[in-house]
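Residue-level listing of the chains:
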Amino acid sequence: MLNYLQQHWFSNLRGDVLAALVVALALIPEAIAFSIIAGVDPKVGLYASFCIAVITAFAGGRPAMISAATGAMALVMVTLVREHGLQYLLAATLLTGVIQVVFGIFKLGDLMRFVSRSVVTGFVNALAILIFMAQMPELVGQHGSTMVYGMTALGLLIIYLFPYITKKIPSPLICIIVLTSIALYFGMDIRTVADMGELPDTLPVFLWPEVPLNLETLKIILPYALALAVVGILESLMTATIVDDLTDTNSNKNRECVGQGVANIGSGLIGGMAGCAMIGQSVINVKSGGRTRLSTLLAGLFLLIMVVFLDSWVGMIPMAALVAIMIMVSIGTFSWSSVKDIKTNPASSSIVMIATVLVTVFTHNLAYGVFVGVLLSALFFASKVGQILSISSELSADKQQRKYQVFGQVFFTSAEQFVAGFDFKEAIEKVTIDLSQAHFWDITAISSLDKVVLKFRREGTEVELIGLNEASATLVDKFAVHNQPDDITKLIEH
């Protein structure tokens, strides 16, 4: 027990404390902004961020990953809040948590192994672009000014140059302190955290949603809860994979599903919105020195302390400082090598990566981007494997028998190629098909085998199948029709 606490909680005390402080400061304006997107009071996002971070610190499957209220989840909530109000959102948040716990229990986190590296890279690049785009309202339009540009540029210089002086203190924290001091000293008229929205002045309390507990309520919240659960799990598991790579450690994806679910249940019970892992804040945490579960816990606690007890101080922080930090995150998150590798990587991998980026950026929906990426990956893989099929043959000395040797995988993409590999018009007495180097995967493959056998029989040729492996033979016994009465009729129905 002591070894576990030391390894997962207290092995990086100083780094975790400082990183959590930076993360908490950066979380405040984002939580407020996401609340505004969802159409709820800022405290709904702030309470959610506190609760989700604290609970996932204990229940999550990935140390040092930050979970809170997110923009991806907020976008799903907009219609529900507009049409039915906050109470139904809280009920949907509770149901979202329950669904995610069920996902974890049934080990749906293991499905991450079907997500290719190209999809992950596209997901990372898309999020980096979205993070950068989210900073634009602070730099253009009514909030943009020469003063804001100068402060943001100074913040970036501090972030990138201060590590050359010392790495003991995270440079983003120095950026916040220096820019806040400059803004106060010179009395600059620039946008601050306080301008984002009113911070709560009380601690969260237990709050059961005031909705009727009936089927009508379930019909209203279930579609939104399912969407929130899927989007939340997708973003959380993808972020966990990214943090795995950044820290060279492994995470428990199924535990992460359960942890996110428990956190969302907790959030709903204190008046918070549903949330999930945040790649931007997770990258800030890791790059600022956070490594253990303590950093996640402290980020949530610091957030609550700041907004409730230190709101007047936190409100003075210029948004330019936080914009500089998020620009740093977007630059550091984007996989620049993936752009260079487009020319050298297989075309299919590049197409998957680019498609994931484009769909995610243009829809602002991570689930759509990942779905398209996974679908394209599956199609390219099936097409590639389907091409690994060859059929050779040898004619007997008396020219009355031919032996076909099949090599490769037979399934829905290679079924036509399998059938085309045989000469049905050849006038011979017997055909032997050696399948010892082949594997049949699905009923489409079995149907193609039926076609081959029945076409030979229709030409008066005897057919013998040899070498079927056990798995293929099981499918043949169960679904094939070439050895059954009225086989031609059944083939048509098949």
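Per chain, residue numbering runs from 1 following the sequence as it is written. With pLDDT at 70 or above as the cut-off, local features in this predicted model cover only qualifying residues; side-chain atom pairs require 80 or more to be listed or tallied, and sums for whole chains, interfaces and linings still use all residues. The side-chain numbers reported here are obtained from all heavy atoms of the structure, hydrogens and water having been left aside.

Undergrad: Account for the overall build of the chain, naming residues and giving values.
TA: Working definition: helices are DSSP H or I runs of at least four residues, strands are E runs of at least two. Numbering for both runs from the N terminus. For the chain, the helix and strand inventory stands at 22 helices and six strands. Radius of gyration (C-alpha) of the chain: 29 Å, far over the 23 Å computed for a compact globule of 494 residues. Projected onto the principal axes, the alpha-carbon positions of the chain cover approximately 100 × 55 × 55 Å. With a 1.4 Å probe rolled over the protein chains alone, any residue whose accessible area is under 20% of its type maximum counts as buried; one over 50% counts as exposed, and the rest are partly exposed. Sorting the 494 residues of the chain into buried and exposed places 53% on the buried side. Considering the chain, the positive charge centre built from 30 side chains and the negative charge centre built from 36 side chains are found 6 Å apart. When we talk radius of gyration, it's over C-alpha atoms, and the globule rule is simply 2.2 Å times the number of residues to the 0.38. Only four residue types enter the tally: Lys and Arg on the positive side, Asp and Glu on the negative side; His and the chain ends are excluded. Working definition for charges: the position is that of NZ of Lys, CZ of Arg, CG of Asp or CD of Glu.

Undergrad: Account for the packing of aromatic side chains, with residues named and values stated.
TA: Only rings of Phe, Tyr and Trp enter the pairing, Trp through its six-membered ring, and a pair is recorded when the two centres are within 6.5 Å. The plane angle decides the type: under 30 degrees is stacked, over 60 is edge-to-face, the rest tilted. Throughout the structure, instances matching the rule amount to 11 aromatic pairs. Relative to phenylalanine 186, the ring of tyrosine 185 has its centre 5.0 Å away and its plane inclined at 85°; by these criteria the two rings are edge-to-face. Each member of the pair, tyrosine 185 as well as phenylalanine 186, carries the same accessibility label: exposed. Note on tyrosine 404 and phenylalanine 456: the rings are 6.2 Å apart at their centroids and 45° apart in plane angle, and the pair reads as tilted. Placement of tyrosine 404 in strand S4 (residues 401–410) and of phenylalanine 456 in helix H20 (residues 443–458) is noted, with a sequence separation of 52 residues between them. Judged by relative accessible area, which is 3%, tyrosine 404 ranks as buried. According to the relative accessible area criterion, phenylalanine 456 is buried, its value standing at 1%. One aromatic cluster is present, formed by Tyr404, Phe418, Phe422, Phe424, Phe440 and Phe456 through successive ring pairs.

Undergrad: Which residues make up the packing of helix H6 (residues 117–134) against helix H15 (residues 319–333), and what are the values?
TA: Relative orientation of the contacting elements H6 and H15 amounts to 160°, with a least axis distance of 8 Å. In terms of orientation, H6 lies roughly antiparallel with respect to H15. Relative to H15, the crossing made by H6 is left-handed. In this structure, H6 uses Val124, Ala128, Ile131 and Phe132 to contact H15, whose residues at the interface are Met326, Ile327, Val329, Ser330 and Thr333. Throughout, an axis means a line fitted to C-alpha atoms (over the contacting stretch in the case of helices), and angles, computed between N-to-C directions, take values from 0 to 180 degrees. By definition in this entry, angles of less than 35 degrees are roughly parallel, angles greater than 145 are roughly antiparallel, angles of 65 to 115 are roughly perpendicular, and the rest are oblique. Throughout, a crossing is termed right-handed when the near helix is turned clockwise from the far one, and left-handed when it is turned anticlockwise from it by less than a right angle. When checking whether two residues touch, look at their non-hydrogen atoms; a contact exists if any pair is within 4.5 Å.

Undergrad: I'd like a rundown of the sheet that holds strand S6 (residues 462–466), residues and numbers included.
TA: The strands that make up a sheet are held in pairs by hydrogen bonds between backbone atoms, and each pair lies either parallel or antiparallel. Paired strands are those between which DSSP finds at least two bridges. If you walk across this open sheet you meet the four strands as S3-S4-S5-S6, and the pairing is mixed. The strands lining the two open edges of the sheet, one partner per strand, are strand S3 (389–395) and S6. Along the sheet, successive strands turn relative to each other by an average axial angle of 20°, direction set aside. Relative to strand S5 (residues 430–440), S4 is paired through nine bridges, and the arrangement is parallel. Along S5, the bridge assignment pairs phenylalanine 407 with glutamine 437. Contacts from H20 reach S4, S5 and S6 within the one sheet, and its direction differs from that of S5 by about 170°.

Undergrad: Account for the environment of alanine 229, with residues named and values stated.
TA: Looking at the secondary structure, you find alanine 229 in helix H10 (residues 215–247). Its relative accessible area of 0% is what places alanine 229 among the buried residues. For the pair formed by alanine 229 and glycine 97, sequence separation is 132 residues and the distance between their alpha carbons is 7.2 Å. When residues no more than four places from it in sequence are discounted, the contact partners of alanine 229 are Thr96, Ile99, Gln100 and Phe103.

Undergrad: Explain helix H11 (residues 253–268) to me, using residue names and the numbers behind them.
TA: The span expected for a helix works out to 1.5 Å for each residue beyond the first. Here H11 contains 16 residues, and its C-alpha end-to-end distance of 23 Å stays within 8% of the 22 Å for a straight helix at 1.5 Å per residue. Counting buried positions along H11 yields 12 of 16 residues, so the element is predominantly enclosed. By the burial criterion, the buried members of H11 are Lys253, Asn254, Glu256, Cys257, Gly259, Gln260, Gly261, Ala263, Asn264, Gly266, Ser267 and Gly268. Buried residues in H11 make contact with helix H3 (42–59), strand S1 (67–68), helix H5 (86–105), H10 and strand S2 (276–277). Counted as a polar contact is a pair of N or O atoms within 3.5 Å, where, for protein atoms, one must be capable of donating a hydrogen and the other of accepting one, and residues adjacent in sequence contribute only when both atoms are in side chains. Where H11 begins, the capping side chain belongs to asparagine 252, and its oxygen is found 3.2 Å from the backbone nitrogen of asparagine 254.

Undergrad: Describe the environment of leucine 75, with residues and values.
TA: Note on placement: leucine 75 falls in helix H4 (residues 71–84). Through-space distance from the C-alpha of leucine 75 to that of valine 193 is 22 Å; in sequence the pair is 118 residues apart. Apart from the residues lying within four places of it in its own chain, the contact partners of leucine 75 are Ile37 and His364.

Undergrad: Which residues make up the pairing of S6, and what are the values?
TA: Looking along a regular strand, one sees the side chains alternate between the two faces of the sheet. Two strands pair when backbone bridges link them, and S5 and S6 are joined in this way by five bridges, in the parallel orientation. In the sheet register, lysine 430 faces S6, and the bridge partner there is glutamate 462. The definition of a right-handed crossover adopted here requires that, viewed with the strands pointing away, the path from the first strand over the helix to the second runs clockwise. The parallel pair S5 and S6 is bridged by H20, and the resulting crossover is right-handed.

Undergrad: So, the pairing of S5: which residues are in play, and what are the values?
TA: Most of S5 is tucked away: nine of the 11 residues are buried. After leaving S4, the chain enters helix H19 (residues 415–420) and then returns to the sheet as S5, a path that is right-handed.

Undergrad: Which residues make up the pattern of salt bridges, and what values do they have?
TA: Salt bridges, as used here, are contacts in which a Lys or Arg side-chain nitrogen is within 4 Å of a carboxyl oxygen on Asp or Glu. For the structure shown, the criterion picks out seven salt bridges. The salt bridge involving arginine 117 is made with aspartate 245; its shortest N-O contact spans 2.9 Å. Placement of the pair is arginine 117 in helix H6 and aspartate 245 in helix H10, with a sequence separation of 128 residues. Its relative accessible area of 48% is what places arginine 117 among the partly exposed residues. In this structure, arginine 402 engages glutamate 426 in a salt bridge whose closest nitrogen and oxygen atoms are separated by 2.7 Å. Of this pair, arginine 402 sits in strand S4 while glutamate 426 sits in the loop between H19 and S5, placing them 24 residues apart in sequence. You can call arginine 402 buried: its relative accessible area is 14%. Through salt bridges with shared partners, a single ionic network connects Arg62, Asp244 and Lys253.

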